Amino acid sequence: PQTRSPGGDDMRVPGPRRVTAALFAACLAALVSAAPHDAYEDRHQPLTALDPSTFVDGTSRATRFSGDLISTEGDDASSADDRAAPFAVSVRASRPRASGELECEDTVVVTVTARVAPSDKHWVASYSPPNANVTATAPTKYALLTRDPAYLETGVANLSFKLTCARHAYDFVVFTDDWVVRQGWRQDLVPSAVAVARSDVVTLKDADGPRAPRLVALASTFDAPTESTERGEEKEKKSSRAAASNGNASLSPLAVAWSSGRGAEKGARLRWWVEEKKHEVDEVVSFETSVETEDVEDVKDVTDVTNKNVYVSYATTRTYSCSDLCGAPANGTGFRDPGYVHVARFGAAFSDVKPGTRVVYELTDDTGATYPSVDAPRLAFRAPTRLSLGGEAKTQTREDSFEEALVDDSSNDIAAKNTNQNENASTTVYPFALALFGDMGRGTEDDATTWQEYGSAAIDVSNALTKFVDSESIDAAFLFGDLSYAVGYGSVWDEFCEQITPWASRVPLLTSAGNHELDGTAAQWQWALSQEKEKQTQKRTRDVYGGGDSGGECGVPSSVRFPNPGSLKSTGLGMGGAGGWFVVTLGPFRVVSMNTEADFSFGSAQFRFLEAELSPKRVDRDLTPFVVVVAHRPALVDSSFGRDKPSIIHGDGDANDGSDVGVALALQEHVWPLFVESGVDAFVAGHNHAYQRHCAFLGFQTPNRSTYFDKSGCALFSTQNVYENPRAPVSLVVGTGGAGFTRHDLGAPFVETTLYNFGFLSLVAESSTTMRGRFFGVAGEALDEFVIVVDDRDRDRDRDLSSAVTPPRGPRRAGGGGAGGGGGGAGAAAA
């Protein structure tokens, strides 16, 4: 048997072993190889297709394949044929810069040249840090060489890889199945992937500098460093970096979180100022330039910006280690250095900034590094119209029972407390637009097979959000669970944060946990809780389903990288020492965020939190006429998963039914009556990867599977897409951020619209009585639109179901395109 080299010369298996080798090749072709393949429809994280423990590293020691690429013939087992390197790999910039340097988010072209017959089992992977042990570390991305259609013909593949700055350099490793590198005198039956070539190290400029800012909101108990003030013509003043011990309640909840490779000793800090010029922010000369100019006359053209106060807030710096994670792959092959996450508030001075004012900011540290770079536009956003927190949980001590971490009733907060700017009666909050969606993940815009399962959907949604932010059509955003789908592969978090930076750095972003951030197995949680006792750290929130969907993360990476008002302390892991539920006021919206991964049953800590925060004592309908509850898992969803029977993890006596229908029934039983009685206007969730708009749902006295799909639980269907004075919350599912569609709908009678399109929901409060919802696709088109009109808040809200109406006739399902998920219950379980 013969194979052909790229140059056309015969490459023969040496000597008399040719026939035997051919038989082995045929056998191995029938085996399941460790090499990746394209079919991952039921996988949320394609990196799970790789098992580094089975890999063989042929690049870590001298082998018979070291040497120059040559082309020879012959049957001698000791010929140069055996000694030739089977692959060569090189890397170049896709668009070279004049400086010759590569920068963060640049794309490189990886060229792989084969000296053996091209195969669909050949692939290349990126590693960061470089020189990784490929038998113990997962790559950051990989791509089949057949992504280049010419590879099977020419033996040369040119593939693009986008390089995210993640504090380290990169290199690229070529893999193949075990047969290709088997030497003629040795017959090996192990069908492992083998590393056969490694590129030179690829360095990125300022790879460990500040990166990926996102605007977040913090609880008053979250540590807040002190703030100093600069003047435009002065050098930066060094202020105390000690955290403020009191007075945080008077600070704005608005803050910036970002990442770098530099610890607290480098003095990471936020600098911000108010832009008073009318021109665009990219016309502003950087503050770095202005403060270092001795002659103030030289900078008169920017004195409107630089001679105003520039405020500096030092950051709280956090990180986590492998030992903080609860299981594999997060604390094994998927772990990589997370660097440091810095969080800095805008501080007390922000209370004087008028709503709508353009605020400019940048990130820096003691090394002199600045983000954005000095020659790039500054970051900027509009000061929010009313951003404040609801009642907060009590600060928890080791002696406190976690279940008793309730709302502090002494704070008796209604929407105006802790406001982030001075307001008066004339301040208008209308219109105010809130973008909501869940289940995003990481998209692809290069040749990485890693993300071809979902394609560019998550990037497309991010690009759409960026355009809406550019046009100032979004005032805030909420991503409710299943953020990155890292599920234990740390590099994905860095890529995800870079993906959302263009919009998340310019509008407040709220996040909450989903199953792919928080859920662990019983054994993983047992280990995590034992570590808390040993390390004397704050207690974590354990999920109630036990499915292990977080890949051993158990809430740590997401809560460190994305602090929210439910994170009580900067030192907390998992949920920052809290349960992950919180309340925030955004303009005219009172947004109540549940943690549906945690216990929400009647009498639980979360139930009592909801009961308190939805009471008339806490909700001021004059300030916040609309109350929206968000959660990861839906309380009403058209899904086949759990229709006939529960889905409970066997062997875990504490696990609840984690099916779509099972969780919905539990929510309907325990908290939905509270939502109805409290006048909640809308309930928005994800988890199921589709868009569904339902009736205004009143519920049942005794929710169960036999009545779940009955329309009689509806209080009102819309009339020409208008819900007029509904007596119950309108239910929506918006799991459309980018993860592949689940397609489990059955045509339930409570559904008004089902779409399989990627995008986000925009809720716009147009007045104190009218809220308009639009579901926007990635092209910016409105694919669904509805209006909720509430002009009678005193309407009787009893549980009489007699007013339920027949749903509208006509098409009940629309949309298309995108990757399809699995069709059965097992696929939905990991949504």
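In every chain, residue numbers begin from 1 and rise along the written sequence. Only residues with pLDDT of 70 or above have their local features reported here, since the model is predicted, and side-chain atom pairs are shown and tallied only from 80 upward, although totals for entire chains, interfaces and linings are computed over all residues. Think of the side-chain values as coming from all heavy atoms in the structure, minus any hydrogens and water.

## Let's talk about the overall build of the protein chain
Working step 1: For the purposes of this entry, the term helix denotes a DSSP run of H or I that reaches at least four residues, the term strand denotes a run of E that reaches at least two, and both are numbered from the N terminus. A count of helical and extended segments in the protein chain gives 14 helices and 37 strands.
Working step 2: Residue-level accessible areas treat just the shown protein chains as cover; the underlying method is Shrake-Rupley with a 1.4 Å probe. Working note: accessible area of the protein chain is about 30100 Å², and carbon and sulfur atoms make up 49% of it.

## Some details on helix α11 (residues 605–613)
Working step 1: We call a residue buried when its accessible area falls under 20% of the maximum for its residue type, exposed when it is over 50%, and partly exposed in between, using a 1.4 Å probe and counting protein chains only. Counting buried residues along α11, seven of its nine residues qualify, which places the element largely inside the surrounding structure.
Working step 2: Those residues of α11 that sit buried are A605, Q606, F607, F609, L610, A612 and E613.
Working step 3: Buried residues belonging to α11 abut β25 (582–586), β26 (589–593), α12 (660–670) and α13 (672–678). A contact between two residues is defined here by any heavy atoms of the two lying within 4.5 Å.

## Structural notes on the environment of R561
Working step 1: Residue placement: R561 occurs in helix α10 (residues 556–561).
Working step 2: Given a relative accessible area of 1%, R561 falls into the buried group.
Working step 3: As a C-alpha pair, R561 and R214 span 347 residues in sequence and 9.5 Å in three-dimensional space.
Working step 4: Setting aside residues no more than four positions away along its own chain, R561 makes contact with R214, A257, S259, Y320, P338, V341, G490, W493 and D494.

## Details of the side chain of K141
Working step 1: With respect to the helices and strands, the residue K141 is situated in strand β7 (residues 141–144).
Working step 2: Definition of a polar contact: a pair of N or O atoms within 3.5 Å, with one able to donate and the other able to accept a hydrogen when the atoms are protein atoms, and with sequence-neighbouring residues admitted only if both atoms are side-chain atoms. There is a polar contact of 2.7 Å between the side chain of K141 and the side chain of D446.

## Things to note about helix α6 (residues 457–470)
Working step 1: Spanning 14 residues, α6 covers 20 Å between terminal C-alpha atoms, matching the ideal 20 Å at 1.5 Å per step.
Working step 2: The buried count for α6 comes to ten of 14 residues, which makes it a mostly enclosed element.
Working step 3: Buried within α6 we find A457, A458, I459, V461, S462, A464, L465, T466, F468 and V469.
Working step 4: Buried residues along α6 sit against β22 (432–437), α7 (491–504), β34 (759–765) and β35 (770–777).
Working step 5: E472 lies just past α6 and shows a positive phi near 55 degrees. In this analysis, the expected span of each helix is defined as 1.5 Å times one less than the number of residues it contains.

## Quick look at the confidence of the model for the protein chain
Working step 1: Confidence of the predictor at the level of single residues is given by pLDDT, which spans 0 to 100. Taken over all residues, the pLDDT of the protein chain has a mean of 79, while the share at 70 or more is 71%.
Working step 2: Considering only residues more than four positions removed or in separate chains, one finds that residues 391–426, a stretch of pLDDT under 50, has 98 contacts.

## Things to note about the packing of α6 against α7
Working step 1: To define axes, lines are fitted to C-alpha atoms, for helices over the stretch in contact only, and angles between the resulting N-to-C directions are given on a 0 to 180 degree scale. The geometry of α6 relative to α7 is characterised by a closest axis approach of 8 Å and an angle of 15 degrees between their N-to-C directions. The orientation of α6 with respect to α7, classified from their angle, is roughly parallel. Like other packed secondary-structure pairs, α6 and α7 cross with a definite hand, here left-handed. Where α6 approaches α7, its residues A458, I459, S462, L465, T466 and V469 are matched on the opposing element by Q499, I500, P502 and W503.
Working step 2: Amino acids are sorted into nonpolar (Ala, Val, Leu, Ile, Met, Phe, Trp, Tyr, Cys and Pro), charged (Asp, Glu, Lys and Arg) and polar (every other residue, Gly among them). Residue classes in the contact of α6 with α7 are distributed as seven nonpolar, three polar and no charged. Every angle not falling under 35 degrees, over 145, or within 65 to 115 is termed oblique; those three ranges are roughly parallel, roughly antiparallel and roughly perpendicular. Two helices cross in a left-handed way if the nearer one is turned anticlockwise from the farther one by less than a right angle. They cross in a right-handed way if the turn is clockwise.

## Quick word on the layout of surface pockets
Working step 1: Definitions used throughout: a 1 Å grid over protein atoms alone; a cavity as a set of points that fits a 1.4 Å probe which cannot get out; a pocket as an open set with protein on both sides within 12 Å along at least five of seven lines; a lining residue as one with an atom within 4 Å of a point. Grid points are joined across faces, edges and corners, and a volume is the space filled by probe spheres set on the points. There is about 1100 Å³ of room inside the largest pocket.
Working step 2: In this structure, the largest pocket is lined by 41 residues; those nearest its centre are R211, Y371, P372, S373 and A376.
Working step 3: At the level of elements, β19 (370–371), β20 (379–382), α6 and α7 are the ones that each hand at least two residues to the lining of the largest pocket.
Working step 4: The greatest single-element share of the lining of the largest pocket, amounting to five residues, is contributed by α7.
Working step 5: Broken down by class, the residue content of the lining of the largest pocket amounts to 13 nonpolar, ten polar and 18 charged.

## Here we look at the pairing of strand β23 (residues 476–480)
Working step 1: Counting buried residues in β23 gives five out of five residues, a clear majority hidden from the surface.
Working step 2: Residues of β23 alternate between two faces, with A476, F478 and F480 on one and A477 and L479 on the opposite face, all of them buried.
Working step 3: Strand pairing is defined by DSSP finding a minimum of two bridges between the two strands. One ladder, built from four bridges, connects β22 with β23; its direction is parallel. Bridge assignment links L434 to a residue of β23, and that residue is A476.
Working step 4: Relative to strand β24 (residues 509–512), β23 runs parallel, the two sharing four bridges. Bridge pairing in β24 links F478 to L510.
Working step 5: By definition, the crossover connecting two strands over a helix is right-handed if that path, from the first strand to the second, turns clockwise as seen with the strands pointing away from the viewer. Tracing the backbone out of β23, into α7 and back to the parallel element β24 gives a crossover that is right-handed.

## A short note on the sheet that holds strand β11 (residues 211–217)
Working step 1: In space, the four strands of this open sheet follow the order β11-β13-β17-β16, with antiparallel pairing throughout. The open sheet has two edge strands, β11 and β16 (316–318), and neither has a second partner. Neighbour-to-neighbour, the strand axes of this sheet turn through a mean angle of 25 degrees, independent of strand direction.

## Digging into unusual backbone geometry
Working step 1: The step from A328 to P329 runs through a cis peptide bond, and the omega angle for that step is 5 degrees.
Working step 2: Position of P329 relative to the elements: it lies in the loop between β16 and β17 (340–345).
Working step 3: The omega angle of the peptide bond from Y430 to P431 is -10 degrees, so this bond is cis rather than trans.
Working step 4: Locating P431 in the fold gives a position in the loop between β21 (387–389) and β22.
Working step 5: Of note, the phi angle at N131 is positive, near 60 degrees, even though the residue is not glycine.
Working step 6: One can find N131 in the loop between β6 (123–127) and β7.

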